[in-house]
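One-letter residues, chain by chain:
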Amino acid sequence: MTNQETIFSKIIRREIPADIVYEDDLALAFRDVHPQAPIHILVIPKQPITKLADATPEDHALMGHLLLTVKRVAEQAGLSNGYRVVINNGSDGGQTVDHLHLHILGGRHMKWPPG
Ligand code: 5GP
């Protein structure tokens, strides 16, 4: 399901400011406004898919592109020692913005399990 406006749509359209670190035709990456690690970047599709569970087979290539964008952005950010990639999906997953996003967290050692 693709649907409504979120704050991320406004970031894509440059209607509100964000520290954008990467952009291409399909994806945008910008720094999280409330970083949970020294480096915390969000990678989003420009197409507003609400959440991972709403992705469809038509999104197959886009999903692969988002993961490869994570890899590219993490390299660009200098995260050669590793990083964590997180997708919060829906209410129990802790998702707060209804536009699919992949968190890149790095610059410190991540603990497991997450809370
Ligand atoms: P979620 O909890 O949905 O997985 O993650 C949403 C993330 O978006 C949070 O980490 C939150 O800090 C970030 N966020 C929410 N609003 C904004 C905003 O206006 N700008 C930026 N750069 N990040 C935001």
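Residues numbered from 1 in each chain as written. Predicted model: local features only at pLDDT ≥ 70, side-chain atom pairs only at ≥ 80, totals over all residues. Heavy atoms only, no water.

1. Observations concerning the side chain of Thr6
And step 1. Tracing the chain through its elements places Thr6 in the segment before α1 (7-12).
And step 2. Judged by its relative accessible area of 10%, Thr6 is buried.
And step 3. Within the structure, the side chain of Thr6 is placed 3.0 Å from the backbone nitrogen of Phe8, a separation counted as a polar contact.
And step 4. In this structure, Thr6 is in contact with Val97, Asp98 and His99, ignoring residues within four places of it in sequence. (Helix = DSSP H or I, 4+ residues; strand = E, 2+ residues; numbered from the N terminus. Buried < 20%, exposed > 50% of the residue type's maximum accessible area, 1.4 Å probe, protein only. Polar contact = N/O pair within 3.5 Å; in protein donor to acceptor, adjacent residues only side chain to side chain. Contact = heavy atoms within 4.5 Å.)

2. Re the sheet that holds strand β3 (residues 39-45)
And step 1. The antiparallel open sheet is built from five strands, whose spatial order is β1-β2-β3-β5-β4. Taken across any chain shown, the strands that pair with only one partner, and hence form the sheet edges, are β1 (20-23) and β4 (84-86). For this sheet, the mean angle separating the axes of adjacent strands, direction not counted, is 20 degrees.
And step 2. Sheet topology note: the β3/strand β5 (residues 102-106) ladder contains five bridges and is antiparallel. Opposite Ile39, over in β5, you have Gly106 as the bridge partner. (Pairing = 2+ DSSP bridges. Axes fitted to C-alpha atoms, helices over the stretch in contact; angles between N-to-C directions.)

3. Brief notes about a nonpolar patch on the surface
And step 1. Where nonpolar side chains cluster on the molecular surface, the patch consists of Leu67, Tyr83 and Val85 and spans about 260 Å² of accessible area.
And step 2. Structurally, Tyr83 can be placed in the loop between α2 (60-76) and β4.
And step 3. On the basis of relative accessibility, which here comes to 34%, the residue Tyr83 falls in the partly exposed class. (Patch = residues over 30% accessible without salt bridge, like charges linked within 9 Å, V, L, I, M, F, W, Y side chains within 5 Å. Areas by Shrake-Rupley, 256 points an atom, 1.4 Å probe, with all protein chains shown as cover. Salt bridge = Lys/Arg side-chain N within 4 Å of Asp/Glu carboxyl O.)

4. Thoughts on the layout of surface pockets
And step 1. Taken as a whole, the largest pocket spans an internal volume of roughly 420 Å³.
And step 2. Phe8, Asp32, Val33, His34 and Leu42 are, among the 22 residues lining the largest pocket, the residues nearest its centre.
And step 3. At the level of secondary structure, the elements contributing two or more residues to the lining of the largest pocket comprise α1, β2 (27-31) and β3.
And step 4. Per-element tally for the lining of the largest pocket: the top contributor is α1, with three residues.
And step 5. The residue inventory of the lining of the largest pocket, partitioned by class, reads ten nonpolar, nine polar and three charged. (1 Å grid on protein atoms, 1.4 Å probe; cavity = no way out; pocket = protein on both sides within 12 Å on 5 of 7 lines; lining within 4 Å. Points joined across faces, edges and corners; volume = space filled by probe spheres on them. Nonpolar A, V, L, I, M, F, W, Y, C, P; charged D, E, K, R; others polar.)

5. Things to note about the pairing of β2
And step 1. With four of its five residues buried, β2 lies for the most part within the structure.
And step 2. In terms of strand pairing, β1 meets β2 through three bridges, oriented antiparallel. Note that in β2 the partner of Tyr22 across the bridge is Ala29.
And step 3. Adjacent in sequence and paired antiparallel, β1 and β2 are bridged by three residues.
And step 4. Here β2 pairs with β3 via five bridges, running antiparallel. Within β3, the position partnered with Ala27 by the bridge is Pro45.

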